[in-house]
Amino acid sequence: MKELVEVIAKSLVEHPDEVVVTEKETGKATVIELKVAQSDMGKVIGKQGRIAKAIRAVVKAAASKSDKKVIVDIV
């Protein structure tokens, strides 16, 4: 999942070298934190959060195969 979020984020931003993705296991869920440059934050979130919702939907669909709950946080 971490690699999936990283590939998506790097394709959206202007500064792909500043994209940092961390993955943490917390009980029943996996939390993926996405950090980008301040100037790229709007590109990752999108208008009214549409791109952020799309990223979460893709990750949720990929995680449904393994029956895990995955949470994507944009920091």
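Keep in mind that this is a model prediction, so the values were computed, not measured. (Residues numbered from 1 in each chain as written. Predicted model: local features only at pLDDT ≥ 70, side-chain atom pairs only at ≥ 80, totals over all residues. Heavy atoms only, no water.)

Caption draft 1: Molecular detail of the pairing of strand E1 (residues 20–26). Pairing between E1 and strand E2 (residues 29–35): seven bridges, direction antiparallel. Of the residues in E2, the one forming a bridge with valine 20 is lysine 35. In sequence, E1 turns back onto E2 through a hairpin of two residues, with glycine 27 there showing a positive phi of about 60°. (Pairing = 2+ DSSP bridges. Helix = DSSP H or I, 4+ residues; strand = E, 2+ residues; numbered from the N terminus.)

Caption draft 2: Quick look at the nonpolar core. Judged by nonpolar contacts, the single largest core of 15 residues is most densely connected at Val5, Val19, Val21, Leu34, Val36, Val44 and Val59. Mapped by element, the contributors of at least two residues to this core are helix H1 (2–12), E2, helix H2 (41–45), helix H3 (50–63) and strand E3 (69–74). The element that contributes the greatest number of residues to this core is H3, accounting for three residues. Each residue touching valine 44, except ones within four places of it in the same chain, is listed here: Val13, Leu34, Val36, Ile51, Ala52, Ile55 and Ile74. (Core = buried A, V, L, I, M, F, W, Y, C linked by side-chain atoms within 4.5 Å. Buried < 20%, exposed > 50% of the residue type's maximum accessible area, 1.4 Å probe, protein only. Contact = heavy atoms within 4.5 Å.)

Caption draft 3: The arrangement of H3 in detail. Helix length check: H3, at 14 residues, gives a terminal C-alpha distance of 20 Å against a target of 20 Å (1.5 Å per residue), a fit within 8%. Contacts from the buried residues of H3 go to H1, H2 and E3. (Expected span 1.5 Å × (residues − 1).)

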